[in-house]
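This is what each chain is made of:
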Amino acid sequence: MSEADNFLHTTHRTVSWFNKAFGNDDLELSAPFQRNPVWTDVQKAYLIDTILLGLPIPELYMQDVGDETGKETHIVVDGQQRIRAVLEFLQSEFSLEGEEVTRQWRGLKFDDLGPDQKKVLFGYKFVVRILPPMSEEEIRKIFARLNRNVVALNEQELRNATYWGPFITTIQKMADEYEFWSTSGIFSANDHRRMIDHEFISELAIAFLHGPQNKKDKLSEYYQLYERNNFEDRERLEVSFRKACDEINQLLPNIKHTRWRKKSDFYTLFLEIANRSQDLPWAKDDRAEISKKLIDFGLRVDRIVALDEREWHDEDDNVVTYARAVARAASDRANRVARANALSATLFPRAIEAGQDPIREGA
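The text that follows walks through the structure, step by step, so that each part is easy to find. As the structure is a prediction and not an experimental result, all values here were calculated from the model.

1. Concerning the overall build of the protein chain
Okay, step 1: When you go through the protein chain residue by residue, the secondary structure sums to 17 helices and 5 strands.
Okay, step 2: When each of the 363 residues of the protein chain is scored for burial, the buried share is 48%.
Okay, step 3: The long-range fraction of contacts in the protein chain, counting pairs at least 24 apart against all pairs at least 6 apart in sequence, stands at 70%.
Okay, step 4: Approximately 18700 Å² of the protein chain is accessible, and the part contributed by carbon and sulfur atoms is 47%.

2. Observations concerning the pattern of salt bridges
Okay, step 1: Going through the model one piece at a time under the given rule, you end up with 25 salt bridges.
Okay, step 2: A single salt-bridge network, built from bridges that share partners, covers Asp296, Arg300, Arg303 and Glu315.

3. Description of the sheet that holds strand 5 (residues 125-130)
Okay, step 1: Within the open sheet, the 5 strands sit side by side as 1-5-3-4-2. Their pairing is mixed. Each having just a single partner strand, strand 1 (10-14) and strand 2 (27-28) make up the two edges of the open sheet.
Okay, step 2: Lying on the sheet, helix 1 (residues 15-23) is in contact with strand 1, strand 2, strand 3 (60-66), strand 4 (72-78) and strand 5; it crosses strand 1 at an angle near 75 degrees.

4. Let's talk about the packing of helix 10 (residues 196-210) against helix 12 (residues 234-251)
Okay, step 1: The interhelical angle for the contact between helix 10 and helix 12, taken along N-to-C directions, is 110 degrees, at an axis separation of 11 Å. Comparing the axis directions of helix 10 and helix 12 gives the class roughly perpendicular. As helix 10 runs across helix 12, the sense of the crossing is right-handed. For the pair helix 10 and helix 12, the contacting residues are Ile201, Leu204, Ala205, Phe208 and Leu209 in the first and Arg236, Leu237, Ser240 and Phe241 in the second.
Okay, step 2: Grouping the amino acids of the contact of helix 10 with helix 12 by side-chain chemistry returns 7 nonpolar, 1 polar and 1 charged.

5. Quick look at the packing of helix 14 (residues 284-305) against helix 16 (residues 333-347)
Okay, step 1: Relative to each other, helix 14 and helix 16 sit at 135 degrees, their axes nearing to 10 Å. Considered as vectors, helix 14 and helix 16 are oriented oblique to each other. Like other packed secondary-structure pairs, helix 14 and helix 16 cross with a definite hand, here right-handed. Across the interface between the two elements, Ile290, Lys293, Leu294 and Phe297 from helix 14 touch Leu343, Thr346 and Leu347 from helix 16.

6. Focus on the nonpolar core
Okay, step 1: By size, the foremost hydrophobic cluster in this structure holds 58 residues, and its most contacted members are Trp181, Phe241, Trp260, Phe266 and Phe270.
Okay, step 2: Sorting elements by how many residues they give to this core places helix 10 first, with 8 residues.
Okay, step 3: Counting residues in each nonpolar core, the second largest holds 31 residues, with Val15, Ala21, Ile48 and Leu113 among its members.

7. Notes on the packing of aromatic side chains
Okay, step 1: Overall, the coordinates contain 23 aromatic pairs when judged by the stated rule.
Okay, step 2: Seen from their ring centres, Phe167 and Tyr223 are 5.1 Å apart, and the 85 degrees between their planes marks the pair as edge-to-face. Taken together, the residues span a long stretch of sequence, with Phe167 in helix 7 (residues 166-177) and Tyr223 in helix 11 (residues 219-227) at a distance of 56 residues.
Okay, step 3: Judged by relative accessible area, which is 2%, Phe167 ranks as buried.
Okay, step 4: With relative accessibility at 1%, the residue Tyr223 sits in the buried group.
Okay, step 5: Aromatic pair Phe266 and Phe270: ring centres 5.6 Å apart, planes at 35 degrees, arrangement tilted. You can see Phe266 and its partner Phe270 sitting in helix 13 (residues 263-274), 4 residues apart, about one turn around the helix. Side by side, Phe266 and Phe270 carry an identical accessibility label, which is buried.
Okay, step 6: Each member of the aromatic cluster is reached from another via a ring pair, and the members are Phe180, Trp181, Phe187, Phe200, Phe241, Phe266 and Phe270.
Okay, step 7: Over the face of the ring belonging to Phe110 we find Lys118, whose NZ or CZ atom lies 4.9 Å from the ring centre.

So, how was this worked out
- Residues numbered from 1 in each chain as written.
- Predicted model: local features only at pLDDT ≥ 70, side-chain atom pairs only at ≥ 80, totals over all residues.
- Heavy atoms only, no water.
- Helix = DSSP H or I, 4+ residues; strand = E, 2+ residues; numbered from the N terminus.
- Buried < 20%, exposed > 50% of the residue type's maximum accessible area, 1.4 Å probe, protein only.
- Contact = heavy atoms within 4.5 Å.
- Areas by Shrake-Rupley, 256 points an atom, 1.4 Å probe, with all protein chains shown as cover.
- Salt bridge = Lys/Arg side-chain N within 4 Å of Asp/Glu carboxyl O.
- Pairing = 2+ DSSP bridges.
- Axes fitted to C-alpha atoms, helices over the stretch in contact; angles between N-to-C directions.
- Parallel < 35°, antiparallel > 145°, perpendicular 65-115°, else oblique.
- Left-handed = near helix turned anticlockwise from the far one by under 90°.
- Nonpolar A, V, L, I, M, F, W, Y, C, P; charged D, E, K, R; others polar.
- Core = buried A, V, L, I, M, F, W, Y, C linked by side-chain atoms within 4.5 Å.
- Phe/Tyr/Trp six-rings, centres within 6.5 Å; stacked < 30°, edge-to-face > 60°.
- Lys NZ or Arg CZ within 6 Å of the ring centre and 35° of its normal.

Right, here's the structure in full:
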């Protein structure tokens, strides 16, 4: 049998089968290489409408893994969005809304369907391709290939499907376990769904380790670099991030109502604090002084970016430099460095004079 033949085995599994497997805790929908759930209720409703009409749906890819006791776990390699949508509908977690939903069951939840419609739903057969036993690396490669030519995965979701070394697991830990990210207003719900939060935190990590970068140009290169080594800076990165998040939370308890919640501004602020993590936490008086400077600086930048540049002549040089570097091409390396220098000079003028500023241009 050729290697290709291993991928030709298909079977049918009904909605009822998936529901029972899920209820028995035998179904794995959150494999580490899968992206976060991203479908809207309208998209889910359209899928259910398709099922109720008996129309075909693209095949699923799964792997069945058994242990020494005979217990099987059914891993959904590709298709978790579809299966999640069906399972959620069975729990009446959303109704069939949307212009493309068939009018006769528009607005209904599962509990509102008639017996015949429920029977059709439970009996619907998904075409499932069963993958042979293989390593997680091989499964990840298949998953990435399945989705690379579909409008499915963004760059960070592809990285999540491709890498699983110490760097990405550190990023995942910092993104998922730090409460600061969910309360600061930096990320939207869609950012969390599409792993934009993981991508941005990766940018912060690389900038902390190697200095400000140009846009996201080298992000994947650093993922590759750290995939191949032991990532010796892991502990230093985690400690510095934790300290920086805690300190920023103290400096700006209402950060979501300031300009510092914006990703470009937060990038600058975070690196300014994280690169001083050896001095954290700051004393109460020092923290109060820095907090006041931050709020004032942010308000002054807010004021002048709303004006024509010809009206900036009476403003402080650091405010002008920062405003100019954040108003256009904010993720260019040169502008990131310019903002870092302007903010450093404002918050820590004595350290700058003494040549103790840790940020500068970085590597």
